[in-house]
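Notes for the structure review
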Amino acid sequence: MSKIKPKECQNVEFKTSWNDKYLEWICGFANAQGAVMYFGVNDDHEVVGLKNTKKLLEDIPNKVVNYLGIVVDVNLYEQGGLEYIEVVIEPSNVPISYKGKYYYRSGSTMQELNGASLQQFVLKKMGRSWDDIVNDRATIDDLDQSAIDYFLRKGYENGRISDEERHEPIEMLLENLNLVNEEGKLKNAALLLFAKRPQKYFTSVQFKIGRFGADEADLMFQDVVEGNIIQMADRVVDLLKSKYLIMPIIFKGMNRIEKLEVPEEALREILYNAIIHKDYTGVHIQMRVWNDHVEVWNDGELPIGFTPETLLKLHSSHPRNRNIANAFFKAGFIDAWGRGYKKIREGFEAAGLPMPKVENFCGGVRVTFQRKGATENATENATENSTVKINKTQQKMLAIIHEDKYATYDVIAKQLGVERTTVWRNIKSLQKKGLLCRVGGDKGGYWEVIDD
């Protein structure tokens, strides 16, 4: 068979035949970065040919227009006596749906968007973020003046707010920070940043900290930090210093110095990232403190196209909540150039600690960093123990779920030829071993295989 040279494009797909189901793919590509699809070509770029190409040249563009409301470029080519079709899909600047459902191409998977992910997607296509939405129930009386004073003082001390701005009316401050709309109504960001009781409006405005011993079941004690997010990092650090982390005492001459076991500025940068980039339609931020390491998790994965490696290189800033990020910048807590993880790496290197590990985990971002008190032996043991053994049934189950993340207990049991209770028991084992995670509820949720 003769091969074709496909067009250079971020996404190229090859299909041996046409099926109307591929309208979902076209929808997903249009909602993402666009693509070029070839029909009558296999994955090895070999032309296998199509039947009824004349009819398809009419059907494909007509169905795309009728079902998706967009226009694609459809071309017929011939090679080695066989015909194939090329469909060029441009990215859309508005959300595209197919039969009332929204699809999005992410990596090598086609995802149906719903719930919070759909809301975030639509807002992004409109050039807005969730924190930009107006909250009709709130008024300026719901804001805490002490939180606003704290913000102004920090911004002034860090040279980001002038003395004149410090004394402007609160209405002017909110307008300058883009925290109100044209009618003066408060946006979600204003309430998260400065409200007296933000939990009144958003139940997930919490930072939960737990101290664990031998395993996840060994929860020794815990705390919940609530309140506005502009002061949240300060409250978390104070709690860590007093209860969770060690502050070794050293002497320089006659001076007694207590220094946190992990680099404080880098720790604050991790906390700021978790607070700023959190999906506030999801669940609370979680911090797990172990004997040798700490894990910080926030709802909401990395921006599309970003990987943990991206964060360690020169990259642009893509805040999930733009207005919140702007307020943290004005307060002097962060910069606006995507340098956060560079500062984290430099801080941990200076403290003689390894760079924190960043990963997408269970629908959010998890940052894991080592504590100063961890010995080399503890690190070696942790590395050895990270190799988890699973049985053949569990291997087959992970393969099934890898192919179909929405697979139910009954579907898996049928494919494996085992009882439903066997599936349930092995899934619980995989979850305990950290190899499988459930994202969402029993209805509408899906499985996520942890590749590590």
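So, a few notes on the structure that sits alongside this text. For clarity, every value in this text was computed on a predicted model and none was experimentally measured.

The mixed open sheet is built from four strands, whose spatial order is β1-β2-β4-β3. The outermost strands of the open sheet, each flanked by one partner alone, are β1 (12-15) and β3 (73-79). Ignoring strand direction, the axes of neighbouring strands in this sheet form an average angle of 20°. Relative to strand β4 (residues 82-89), strand β2 (residues 35-39) runs antiparallel, the two being bridged by five bridges. Note that in β4 the partner of Phe39 across the bridge is Ile85. Packing against the sheet, helix α1 (residues 22-31) makes contact with β1, β2 and β4, and its axis sits at approximately 160° to β2.

Moving on: the sheet that holds strand β8 (residues 206-212). Taken together, the six strands give an open sheet; going across it, the order is β9-β8-β12-β13-β15-β14, and neighbouring strands pair in mixed fashion. If you trace the sheet from one side to the other, it starts and ends with β9 (219-226) and β14 (357-361), each paired once. On average, each strand axis in the sheet is tilted by 15° relative to the strand beside it, whichever way the strands run. In this sheet, strand β15 (residues 364-370) lies alongside strand β13 (residues 293-299) in antiparallel orientation, the contact comprising seven bridges. Pairing of Val294 across the sheet is with Phe369, part of β15. Helix-sheet contacts for helix α8 (residues 232-244) involve β8, β9 and β12 (285-289), and the interaxial angle to β9 is about 155°.

Note that strand β5 (residues 97-98) and strand β6 (residues 101-106) share two bridges and pair antiparallel. Within β6, the position partnered with Ser97 by the bridge is Tyr102. Linking two consecutive strands that pair antiparallel, namely β5 and β6, is a turn of two residues; a positive phi of about 55° is found at Lys99 within it. Counted between consecutive antiparallel strands, the loop separating β6 from strand β7 (residues 109-113) contains two residues, among which Gly107 sits at a positive phi close to 65°.

This brings us to the environment of Tyr67. Structurally, Tyr67 can be placed in helix α2 (residues 53-68). Among the residues examined, Tyr67 registers a relative accessible area of 41% and is labelled partly exposed.

To continue, consider unusual backbone geometry. Residues other than glycine seldom take positive phi values, yet Asn52 does so here, at roughly 55°. Within the secondary structure layout, Asn52 lies in the loop between β2 and α2.

Time to look at the environment of Gly332. Relative to the elements of secondary structure, Gly332 occurs in the loop between α11 (322-330) and α12 (340-350). Owing to a relative accessible area of 25%, Gly332 belongs among the partly exposed residues under this scheme. For the pair Gly332 and Asn158, spaced 174 residues apart in the sequence, the C-alpha separation amounts to 5.3 Å.

To continue, consider the layout of surface pockets. Estimated volume of the second largest pocket: approximately 190 Å³. Put simply, the parts of the chain that give the lining of the second largest pocket at least two residues each are α9 (264-277) and α12. Looking at the lining of the second largest pocket element by element, the count peaks at five residues for α9. Of the residues that constitute the lining of the second largest pocket, the class distribution is four nonpolar, two polar and six charged.

What follows concerns the state of the cysteines. All chains considered together, the criterion is met by one disulfide. What pairs with Cys362 in a disulfide is Cys437, and their sulfur atoms sit 1.9 Å apart. Taken together, the residues Cys362 in the loop between β14 and β15 and Cys437 in strand β16 (residues 436-439) connect sequence positions 75 residues apart. Look at Cys437 and you get buried, because its relative accessible area is 8%.

The rules behind each value
- Residues numbered from 1 in each chain as written.
- Predicted model: local features only at pLDDT ≥ 70, side-chain atom pairs only at ≥ 80, totals over all residues.
- Heavy atoms only, no water.
- Pairing = 2+ DSSP bridges.
- Helix = DSSP H or I, 4+ residues; strand = E, 2+ residues; numbered from the N terminus.
- Axes fitted to C-alpha atoms, helices over the stretch in contact; angles between N-to-C directions.
- Contact = heavy atoms within 4.5 Å.
- Buried < 20%, exposed > 50% of the residue type's maximum accessible area, 1.4 Å probe, protein only.
- 1 Å grid on protein atoms, 1.4 Å probe; cavity = no way out; pocket = protein on both sides within 12 Å on 5 of 7 lines; lining within 4 Å.
- Points joined across faces, edges and corners; volume = space filled by probe spheres on them.
- Nonpolar A, V, L, I, M, F, W, Y, C, P; charged D, E, K, R; others polar.
- Disulfide = S-S within 2.5 Å.

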